[in-house]
Amino acid sequence: MNSANSPRPIVFWGATGQCLVLEELVTCLGYRLVALVDRNPALVSPYPQVPLFADENAFRVWRDQQSGPLYGLVAVGGTHGGVRLELQARLMELGLEIPVAIHPRAQVSPSAQVGLGGQILAGANVAARARLGRAVIINHLANVDHECELGDGVHLAPGATLCGCVQVEDHAFIGAGAVVLPRRRIGRGAVIGAGAVVTRDVPPGTTVRGNPAR
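Since the structure is predicted, the reported quantities are computational estimates derived from the model, not experimental observations. (Residues numbered from 1 in each chain as written. Predicted model: local features only at pLDDT ≥ 70, side-chain atom pairs only at ≥ 80, totals over all residues. Heavy atoms only, no water.)

Structural notes on helix H2 (residues 56–64)
So, step 1. Of all the positions in H2, only Phe 59, Trp 62 and Arg 63 are classed as buried. In a view along the axis of H2, the buried residues occupy a sector of 100°, so they form one face of it. For H2, exposure combined with an orientation more than 90 degrees from the buried face picks out Asn 57 and Asp 64.
So, step 2. Buried residues belonging to H2 abut strand E1 (8–13), strand E2 (31–37) and strand E3 (52–53).
So, step 3. You can read the cap of H2 off the contacts: a side-chain oxygen lies 3.0 Å from the backbone nitrogen of Asn 57, and it is on Asp 55. (Buried < 20%, exposed > 50% of the residue type's maximum accessible area, 1.4 Å probe, protein only. Helix = DSSP H or I, 4+ residues; strand = E, 2+ residues; numbered from the N terminus. Arc of directions from axis to C-beta. Contact = heavy atoms within 4.5 Å. Polar contact = N/O pair within 3.5 Å; in protein donor to acceptor, adjacent residues only side chain to side chain.)

In structure tokens:
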């Protein structure tokens, strides 16, 4: 069993780009990546010392051989919020503990709430009374202003900004550098293109781009 001063072992489900970003984040928080799971059998582990399991049964066997607590996060970003939630649930079923990962160089208000599996990256800001659901990703330099409400599986790409009192429903994706003006609602599964300026509510399942976004 690990001593109190040893890094906490963590597993990622996902072994591509978000994995690289997330590994740097959790290392800052005192975790050590010990295994990867990804259903793509063509992938090779980006860390030679870290095993990659394409078969969930093989991962389960490995898990049963470990002692002490094991943590897990889903390293799947982009428009795959629903998938991220599904995989987070699978990790929990396998007995892994799901942390909230907030980078030391992010700013999160004491009055904000971040759900299980949330990932807040360097330079991001989550302001007063914002409420973030499960498995939300707030990427580098993204801004969530006061009293915003984000559903489960939402992803803000680098530099995206939600002005005050914005509501973002489950699984929506806000592209890099996009701006959503105050008191707008972004529907479930909507996609906001990079650099868009959202001046009106966006219906569920809609993709919008441009300034103003259409």
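On we go.
What to know about the sheet that holds strand E6 (residues 107–108)
So, step 1. As summarised here, the arrangement of the six strands in space is E6-E9-E12-E15-E18-E21, forming an open sheet in which the pairing is parallel. With one partner strand each, in any of the chains shown, E6 and strand E21 (197–198) form the two edges of the open sheet.
So, step 2. Pairing geometry for strand E15 (residues 161–162) and strand E18 (residues 179–180), over two bridges, is parallel. Residue pairing for E18: Leu 162 is matched across the bridge by Val 180. (Pairing = 2+ DSSP bridges.)

Notes on the environment of Arg 105
So, step 1. Residue placement: Arg 105 occurs in the loop between strand E5 (101–102) and E6.
So, step 2. In sequence terms Arg 105 and Ala 122 are 17 residues apart; their C-alpha atoms lie 5.0 Å from each other.
So, step 3. When sequence neighbours within four positions are dropped, the list of residues in contact with Arg 105 reads Ala 122 and Gly 123.

Thoughts on the state of the cysteines
So, step 1. Under the defined criterion, the tally for this structure stands at zero disulfides.
So, step 2. No disulfide involves Cys 19; its nearest neighbouring cysteine sulfur is the one of Cys 28, lying 15 Å away.
So, step 3. Residue Cys 148 stays outside any disulfide, its sulfur separated by 6.9 Å from that of Cys 165, the closest cysteine.
So, step 4. By relative accessible area, Cys 148 is classed as buried at 0%. (Disulfide = S-S within 2.5 Å.)

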